[in-house]
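Chain and residue survey
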Amino acid sequence: MITRLVKAGFAAALAVTTLATGAAASSAAPADVPAVQGQHVTAALNGFLPGTTPPGPGKLSAGWTSAGTQDLTGPTHITVDLPPGLTTELGMFFSTPYDYTFTESLSPDGRHLDAVLIGTRRPGRYEFMKLNVGRDYTQQLTGQIVVTVSNPNDTDPTGHVTALSVDGTTPAPVVQAPPTVNGLDTTTGPGAGGTAVTVSGSNLAHGMVLVGGVPAAGTCTDTACTVTTPGGSGSAPVSVVTPGGTVAAPAAFDYTGAPPPPPPAPTVGNLTYSSSGPAAGGTQVYLQGTNLTYGTVAFGGVPAAHVSCGPSFCSATSPAAAGPGPVDVTVTTVGGTSAPVTFTYTA
């Protein structure tokens, strides 16, 4: 699936080509990442850098793998940083089925891309976004292309940072230092969201700020994150997720006034891929509908396994049943519960 298309064309000053040698450059997560328990994600980078003479863009692939022993859940944060003289545009993300949300933003100078994937990913799942990379031929290139990945449920800091030097060499693996947070410059704002907040601390580079568990739009430097609050209500904990780990802020953000209206109730039109399966469970099903983001799926009131929901698509695995027969399948979000569709358990 392409959730965001690369914009057409680069400025004439950024005409580029592939490496003069034609050699592929790659930088993958270190092979000696220790065995992990629970949720873990690792970063990878490969492709072709712009060469010394035009024309033609460089091609890079920023990837991440769910490498733990359990499903990766919650928001996964991906960043791509380019050195002076290189720029990119919004990436193309390919992943099916469409059981996730994927958002991305680009800094005005085209050198920092920030993306968030929200969805459940099984261990071993590899995903990536393709990037065109342009070059300013008036500058001498130095430095590194850096890709990071992080998730609040991942407590193993290894494999989260990978880099490629502009000369095509792969630097030694890096483990970012754990983050610290000193405080928030603003701790109250309306329930509708939209409050500008600066989170100060250290080792916050490549970070993502969560307010009440929801990613807040913004950017982070090593010493501060400047974000805009999402909508919410009550007292919401604030945390910063970085490749070096996750840290809670010493103060919560308190929403004032009326909360934002709830989203519309989810609807499910039909089950696809399979509408029946053995009573032992384990059948993969897909549900198509509307307003499904952050949904949970139940079969006859029993929670399904491996549930991942995007705006119009959920994937899930049927739980075991007491015996054969039809059951109602529903999706529940903060907006409500969908009307049921039928799944039939077989003997």
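Residues numbered from 1 in each chain as written. Predicted model: local features only at pLDDT ≥ 70, side-chain atom pairs only at ≥ 80, totals over all residues. Heavy atoms only, no water.

Here we look at the state of the cysteines
To keep it simple, the criterion reads: Disulfide: a pair of cysteine sulfur atoms within 2.5 Å of each other. Under the scheme applied here, a residue whose accessible area is under 20% of the maximum for its type counts as buried, over 50% as exposed, and between as partly exposed, the area being computed with a 1.4 Å probe on protein chains only.
Counted by the stated rule, this structure contains 2 disulfides. Residue Cys220 pairs covalently with Cys225 via a disulfide, S to S 2.0 Å. Here the S-S torsion is close to 110°, and the disulfide linking Cys220 with Cys225 is therefore right-handed. For the pair shown, Cys220 and Cys225 are each scored as buried. For Cys309, the disulfide goes to Cys314, at an S-S distance of 2.1 Å. In this structure, the disulfide formed by Cys309 and Cys314 twists by about 115° around the S-S bond and is classed as right-handed. Taking relative accessible area as the criterion, Cys309 reaches 7% and is therefore assigned buried. Once the disulfide-bonded cysteines of the protein are ranked by sequence position, their pairing pattern turns out to be 1-2, 3-4.

A look at unusual backbone geometry
The condition that has to hold: Helix and strand definitions follow DSSP, with helices as H or I runs of at least four residues and strands as E runs of at least two, each counted in order from the N terminus.
Cis geometry is adopted by the peptide bond preceding Pro97, which originates at Thr96 and carries an omega value of 0°. Within the secondary structure, Pro97 sits in the loop between strand E6 (92-94) and strand E7 (101-106). Of note in the backbone geometry, His206 takes a positive phi value of approximately 65° without being a glycine. Mapped onto the secondary structure, His206 falls in the loop between strand E14 (196-202) and strand E15 (208-211). Positive phi values are uncommon outside glycine, yet Tyr294 reaches one of about 65°. Tracing the sequence through the fold places Tyr294 in the loop between strand E24 (284-290) and strand E25 (296-299). Tyr294 sits in the exposed class, given a relative accessible area of 52%.

Details of the packing of aromatic side chains
What counts, and what does not: Only Phe, Tyr and Trp rings are paired, with Trp represented by its six-membered ring, and only when their centres lie within 6.5 Å; those with planes under 30 degrees apart are stacked, over 60 edge-to-face, the remainder tilted.
Within the structure shown, the criterion is met by 11 aromatic pairs. On the numbers, 4.2 Å between centres and 10° between planes, the contact of Phe93 with Phe102 is stacked. Exposure remark for Phe93: the relative accessible area of 0% places this residue in the buried category. Overall, Phe102 belongs to the buried group, its relative accessible area being 9%.

So, the confidence of the model for the protein
Close reading of the predicted structure is inappropriate where its pLDDT is low. Put simply, the rule is: Every residue gets a pLDDT, meaning the predictor's confidence in that residue, from 0 to 100. Residues count as neighbours in contact if any of their non-hydrogen atoms are within 4.5 Å of one another.
When pLDDT is averaged along the protein, the result is 88, and 88% of the positions lie at 70 or above. Below a pLDDT of 50 lies the segment residues 1-34, which in the model reaches 111 contacts outside its immediate sequence neighbourhood of four places, other chains included.

Overview of the pairing of strand E31 (residues 341-346)
Using the following cut-off: Two strands are counted as paired when DSSP detects at least two bridges linking them.
Here E31 shows a clear split, with Val341, Phe343 and Tyr345 buried on one side and none of Thr342, Thr344 and Thr346 buried on the other. As paired elements, strand E23 (residues 276-278) and E31 share 3 bridges and run parallel to each other. Within E31, the position partnered with Pro278 by the bridge is Thr346. Relative to E31, strand E29 (residues 325-333) runs antiparallel, the two sharing 5 bridges. When the bridges of E31 are listed, Val327 appears paired with Phe343.

Quick notes on the layout of surface pockets
Definition in use: Grid points spaced at 1 Å and placed over the protein atoms alone form the basis of the search, with a cavity being a set where a 1.4 Å probe fits but cannot get out and a pocket an open set showing protein on both sides within 12 Å along at least five of seven lines. Lining residues have an atom within 4 Å of a point. Grid points are joined across faces, edges and corners, and a volume is the space filled by probe spheres set on the points. The residue classification treats Ala, Val, Leu, Ile, Met, Phe, Trp, Tyr, Cys and Pro as nonpolar and Asp, Glu, Lys and Arg as charged. All others, Gly included, are polar.
Computed from the structure, the largest pocket encloses a volume of approximately 460 Å³. Forming the walls of the largest pocket are 24 residues, and the residues nearest its centre are Thr103, Val116, Pro215, Ala216 and Ala217. Every element with two or more residues in the lining of the largest pocket is listed here: E7, strand E8 (112-118), E15, strand E16 (214-220) and strand E17 (224-228). For the lining of the largest pocket, the residue count by class is 14 nonpolar, 8 polar and 2 charged. A volume near 310 Å³ is recorded for the second largest pocket. Lining the second largest pocket are 13 residues; nearest its centre among them are Val214, Pro263, Thr293, Tyr294 and Val334. Here the residues of the lining of the second largest pocket are counted per class, giving 8 nonpolar, 5 polar and no charged.

Brief notes about the sheet that holds E24
Our working definition: For helices, the fitted axis covers only the stretch in contact; all axes are lines through C-alpha atoms, and the angles between them, taken along N-to-C directions, range from 0 to 180 degrees.
Here 4 strands make up an open sheet; going across it, the order is E22-E24-E28-E27 and the pairing antiparallel. Edge positions in the sheet fall to strand E22 (267-272) and strand E27 (305-309), since each of these pairs with one other strand and no more. On average, adjacent strands in this sheet sit at an angle of 20° to one another, irrespective of strand direction. As paired strands, E27 and strand E28 (residues 313-317) are joined by 3 bridges and run antiparallel to one another. Each residue of the ladder has a partner; that of Ala305, found in E28, is Thr317.

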